[in-house]
Amino acid sequence: MLDTKYNHKEVEQNKYDIWKEKGYFNCDPESNKDPFTIILPPPNVTGKLHLGHAWDVSLQDIVARYKRMDGYDVLWLPGTDHAAIATEAKVVKKLKSEGINKYELGREKFLDACWDWTREYGGNIRKEWANMGCSLDYTKERFTLDEYSVNAVNKVFIDMFNRGLIYKGKRIINWDPEAKTALSNEEVNYKDTKGAFYHIKYMLAGTNDYLDVATTRPETLFGDTAVAVNPKDDRYKDLIGEKVIVPIVNRVVPIVGDDYADMEKGTGVVKITPAHDPNDFEVGNRHNLERIVVMDETAHMNEEAGKYKGYDRFECREALVKELQDKDLLIKIEDITHSVGYSERTDAMVEPYLSEQWFVKMDGLSKNLIEMQQDKDKKVNFFPKRYEKTIIQKANECYDWCISRQLWWGIRIPVWYKDGEMKASITSPGEGWVQDPDVLDTWFSSGLWPYSTLGWAMEDKTLFNRYFPTNFMSTGYDIIFFWVFRMMFQAEAFTGKNPFKDCYMHGLIRAKDGRKMSKSLGNGVEPIDMVDKYGADSLRYYLTTSSAPGLDLRFDEDKLTSTWNFINKIWNASRFTLMNIEGLKEIDLSDLSKEDKWILTKLQKTIKDVRKYMDKYEFQNVGTVLYDFIWSDFCDSYIEFSKFSIDKESTKSTLLYVLTNILKMLHPFMPFVTEEIYQKLPIKDSESIMISSYPVVDKKLIFEETNVEDIIDFIKTFRNTKQANNIPSDFKARFDIEIDPIAIKLLKLEGKIVNEELDIKSYKVVSNYTNGEIYFEKELTDEEKEARENLITSLKSSIERREKLLSNENYVNKAPANIVEMDRQKLEEEKNKLKELLG
């Protein structure tokens, strides 16, 4: 028997370990069942569960449990990401606190420290997966630095290098001066930042005239090698080919004509710094301009800045602006707010920086992805569909991908150098060869995740051959470019297939007021705290049924409380059922009442709708359908009906049959409480609900309509009318009810149910109920009757007096208008009251 009260902490204890030990989570490559594969987005190996990842794993576990119960051989493969920048930053910080310098320690010992860190904190995420009830196949667990990943990454890099799809070149990249590494465009967050346009005089060589050049980064003028004007700009087109003098450094540079100079923006004249701006870099290429790097990797000024060498870039800006003012070279400072890039990992302001890096040539790969998306048999199906347009737009606009990172923690680039020669190889080509010091972007290895984890680059390809491509993956729309796009083009390039068939995009979780959750705002929520307070079942159900695909979710703890109350309702309904079916040996649905037939028919429709929405990943609709059926139809209606025939075998059987199917449909959402209740059922089809069969529609249990809906409607209307009119609970001794002939029929046919359910004493026939109305008439005492008669007499007298008064034109014309109006209102009120008393 279930405990009297639902206690999520007791219910969720030990079940996970039992499921895991019994192997319920594991796939079976030798099974004759159809395979179904799910991708788990690999979180930071040393990180902890955040709400977004809790949403992901809840969605995926729902699909995994549903498909497993529906007869599929499910592989839900767990794994973690080495998170190169984040992990290296944490280890560097730890070593620094111990007085140890990364570079003095050396690469090998530093990597040992990273592995120690990973082993120390790497188990946290697994514990939190367990707390959430994730049915992951731990026998297949992977890591982006294990042999599966390393072998695949090396194989892909070398193949792409040999095909000319990977190259090394000097380009303007996003530089993180704190982490001292390059960043891809997707690793940069843009924020509105207060800044200024500094209007500086660039003197025309050999004259006293100047050009007004506006810049937000005056410290980069040490790298200026030209100024540009638009060749169509009548103000400046005659100056093309002339020279200007870069202030402070006194470098003479040309005025070039280039369409990049916007005639409508600023003064129409732009300084060109090819080594510190991506647009200037392209202008420099078109005009063969020198590239002068003026900062080092920490964003401090180098020798090109003269006396400002060693200054931080912002310190240099402040001092340089003062010098420009002192030398009358500063025209004005114009305060602005502009969008500035910051490192996603360290939040340092990104510096556009000329650097030699490794790049993936994206043009051909993007076109291949677009072509595959145009093939209905090969394309990825996005949920919602609008994200297909997003991915195509990204493919059409993407730039070459910078994949090298100036870090030590990660997969080292398999390229070797000797005497000006370069070779791509996993191992050293021979004596004297030196390996590239950089590592690959973490997203390079994560992009291979759908097939690297299955042994694509290993000798044994059993898993790859059976479980690739993946059937279902889900992730937040914020990493559609980081991860989804890269998985797609890499899979197409190396397997000829898309990496997954269905891609579910969920939104972001925001605070209740719609703002982004962050530590600085103090509005963050720890999922494990919510699990401790409300249970994993409540959190899972709330996260997955409260928002449509692709939409953000505003986290509201009140709604989480409502979910807990819903589970409590299920618990109490289950207790009632179990208490009343003791001794039931078999489910016998042969002698059914119309209430039994009604709930069984409702159940079949619910199963049909739930399956339809589950297959379309419309979990918010699944939640609505289940909630309505369980709360309204089963708990509030059928259980109440069953109390009047609880001794019948058919009623007991129906209760058990419906409850069992409810538990099975709920199980993917609420694994713990459904297992707890399922284990208490006297009749069940498997030792665990996890491996039981998911409900299917039974057409034999769909019956013709009965008048049960009319009974329910009458009861609801009766109770609502009673509540709206503040009728006391003991009304049966003091009131009659007036109902129409249809309701009389219900009372006669279902007298036991309706009369006893509502405690109806007596009733009078009127024609009101067809309009959805019920009237209550009070039986008066002698004292109340006398008071009523006195009130009627008083009202009649007052009405007669007011009518005479208001028929007097003298009074109406001479009395204050507000007094006359008040008498009219009082007269109307008294007439209505008298009419009510006289009935």
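See the structure shown above.
Residues numbered from 1 in each chain as written. Predicted model: local features only at pLDDT ≥ 70, side-chain atom pairs only at ≥ 80, totals over all residues. Heavy atoms only, no water.

1. Describing the nonpolar core
Under the convention used in this document: Think of a nonpolar core as a cluster: buried Ala, Val, Leu, Ile, Met, Phe, Trp, Tyr and Cys residues, connected wherever their side-chain atoms sit within 4.5 Å. Only protein chains enter the accessibility calculation, which uses a 1.4 Å probe; a residue whose area is less than 20% of its type maximum is buried, one above 50% is exposed, and one in between is partly exposed. What counts as a helix is a DSSP run of H or I of at least four residues, what counts as a strand is a run of E of at least two, and both are numbered from the N terminus. In this description, contact between two residues means that some pair of their heavy atoms is separated by no more than 4.5 Å.
In terms of nonpolar packing, the biggest core is built from 100 residues, with Phe-555, Met-614, Phe-619, Ile-630, Phe-634 and Met-670 touching the most fellow members. Per-element tally for this core: the top contributor is helix 21 (residues 619-642), with eleven residues. For Phe-634, the residues in contact, after removing those within four places along its chain, are Ala-573, Thr-577, Ile-599, Phe-629, Ile-639, Leu-655, Val-658, Leu-659 and Ile-662. Val-45, Ile-158, Trp-401 and Ala-424 belong to the second-largest nonpolar core, a separate cluster that totals 70 residues.

2. Points about helix 11 (residues 363-373)
Spelled out, the test is: The arc under discussion is defined with respect to the helix axis, by the directions toward the C-beta atoms.
Turning to helix 11, its buried residues number three or more, namely Leu-365, Ser-366, Leu-369, Ile-370, Met-372 and Gln-373. On an axial view of helix 11, the arc spanned by its buried residues comes to 165°, and they lie on one face.

3. Remarks on the state of the cysteines
To be explicit about the condition: For this text, the term disulfide refers to a pair of cysteine sulfurs within 2.5 Å.
Counted under the stated rule, the structure contains zero disulfides. You can see Cys-27 has no disulfide; the closest cysteine sulfur is in Cys-134, sitting 17 Å from it. The buried category is assigned to Cys-27, whose relative accessible area is 9%. Of the cysteine sulfurs around Cys-402, a residue in no disulfide, the closest is that of Cys-398, at 14 Å.

4. With respect to helix 29 (residues 817-838)
To be explicit about the condition: For a helix, the expected span equals 1.5 Å multiplied by the residue count minus one.
An ideal rise of 1.5 Å per residue puts 32 Å on 22 residues; helix 29 measures up with 32 Å between its terminal C-alpha atoms. Among the residues of helix 29, those classed as buried are Val-820, Asp-823, Leu-827, Glu-830, Leu-834 and Leu-837. Along the long axis of helix 29, the arc covered by the buried residues comes to 110°, so they all point the same way. Facing away from the buried side of helix 29 by more than 90 degrees, the exposed set consists of Ala-817, Asn-818, Lys-835 and Glu-836.

5. Digging into the packing of aromatic side chains
Quick note on the threshold: Any two of the Phe, Tyr and Trp rings considered here, Trp counted by its six-membered ring, make a pair once their centres fall within 6.5 Å; the pair's planes then place it as stacked at under 30 degrees, edge-to-face at over 60, or tilted in between. Working rule: Lys NZ or Arg CZ, within 6 Å of ring centre, within 35 degrees of ring normal, means a charge sits over the ring.
Within the structure shown, the criterion is met by 42 aromatic pairs. Relative to Trp-358, the ring of Phe-161 lies with its centre 6.0 Å away and its plane at 55°, an arrangement referred to as tilted. Separated by 197 residues along the polypeptide, Phe-161 in helix 8 (residues 147-162) and Trp-358 in strand 14 (residues 351-360) bring together distant segments of the chain. Owing to a relative accessible area of 1%, Trp-358 belongs among the buried residues under this scheme. With centroids separated by 6.4 Å and ring planes inclined at 55°, the aromatic side chains of Tyr-617 and Phe-619 adopt a geometry described as tilted. The buried category is assigned to Phe-619, whose relative accessible area is 1%. An aromatic cluster of three or more residues is present, and its members are Phe-383, Phe-472, Tyr-504, Tyr-541, Phe-566, Tyr-617, Phe-619, Tyr-627, Trp-631 and Phe-669. Geometry around Trp-456 places Lys-155 over its ring, the cationic atom sitting 5.3 Å from the centre. When the ring centre of Trp-631 is taken as origin, the NZ or CZ atom of Lys-569, which lies over that ring, is 4.5 Å away.

6. Examining a negative patch on the surface
Here is the rule we go by: Note on patches: the residues involved have over 30% relative accessible area and no salt bridge, like charges join within 9 Å, and the nonpolar side chains Val, Leu, Ile, Met, Phe, Trp and Tyr join within 5 Å. Methods summary: accessible areas were calculated by the Shrake-Rupley approach with a probe of 1.4 Å, and residue burial reflects only the protein chains presented. Within this document, salt bridges are pairs made up of a side-chain nitrogen of Lys or Arg and a carboxyl oxygen of Asp or Glu, the two lying within 4 Å of each other. Positive: Lys, Arg. Negative: Asp, Glu. His and the chain ends are not part of the count. The atoms used to mark charge sites are NZ of Lys, CZ of Arg, CG of Asp and CD of Glu.
Taken together, Glu-586, Asp-588, Asp-591 and Glu-649 make up a surface patch of like negative charges. Here Asp-591 shows up in the loop between helix 19 (557-580) and helix 20 (594-615). Residue classification places Asp-591 among the exposed positions, given a relative accessible area of 52%.

7. What about the sheet that holds strand 5 (residues 166-176)?
For clarity, the threshold we go by: What makes two strands pair is DSSP finding at least two bridges between them.
The sheet built from four strands is open, its strands ordered 6-5-14-16 with antiparallel pairing. Strand pairing shows two members of the sheet lacking a second neighbour, strand 6 (181-183) and strand 16 (401-402), which therefore form its edges. Note: strand 5 against strand 6, three bridges, orientation antiparallel. Bridge pairing in strand 6 links Asn-174 to Leu-183.

8. Concerning the environment of Lys-90
Note that Lys-90 resides in helix 4 (residues 84-97). C-alpha separation for the pair Lys-90 and Thr-46, spaced 44 residues apart in sequence, amounts to 10.0 Å. Sequence-distant contacts of Lys-90, defined by excluding residues within four places in its chain, comprise Asn-44, Thr-46 and Trp-117.

9. Side note on the side chain of Thr-651
With respect to the secondary-structure elements, Thr-651 resides in helix 22 (residues 649-666). Using a relative accessible area of 0% as the deciding quantity, one classes Thr-651 as buried. With sequence-adjacent residues up to four places away left out, Thr-651 is seen in contact with Asp-596, Tyr-638, Ser-642, Ser-645 and Ile-646.

10. Observations concerning the sheet that holds strand 18 (residues 415-418)
Judged by pairing direction, the sheet is antiparallel, and its three strands sit side by side in the order 19-18-20 without closing on themselves. The open sheet has two edge strands with one neighbour each: strand 19 (421-424) and strand 20 (434-435). The pairing of strand 18 with strand 20 spans two bridges and is antiparallel. Looking across to strand 20, one finds that Tyr-417 is bridged to Val-434.

11. Structural notes on the pattern of salt bridges
Counted under the stated rule, the structure contains 48 salt bridges. The partner of Asp-609 in a salt bridge is Lys-605, with the nearest N and O atoms 2.8 Å apart. Taken together, the residues span about one helical turn, with Asp-609 and Lys-605 both in helix 20 at a distance of four residues. By relative accessible area, Lys-605 is classed as exposed at 53%. Residues joined in a network through salt bridges with shared partners are Lys-15, Glu-676 and Lys-680.

12. Points about unusual backbone geometry
The amide bond that connects Phe-383 to the next residue, Pro-384, takes the cis arrangement and shows omega of 0°. For Pro-384, the position within the fold is in the loop between strand 15 (381-383) and helix 12 (386-397). Between Phe-468 and Pro-469 the backbone carries a cis peptide bond, its omega angle lying at 0°. As for its position among the elements, Pro-469 is in the loop between helix 15 (462-467) and strand 22 (470-476). Of note in this structure, Ala-83 is not a glycine but carries a positive phi near 45°. Within the element layout of this structure, Ala-83 appears in the loop between strand 3 (79-80) and helix 4.

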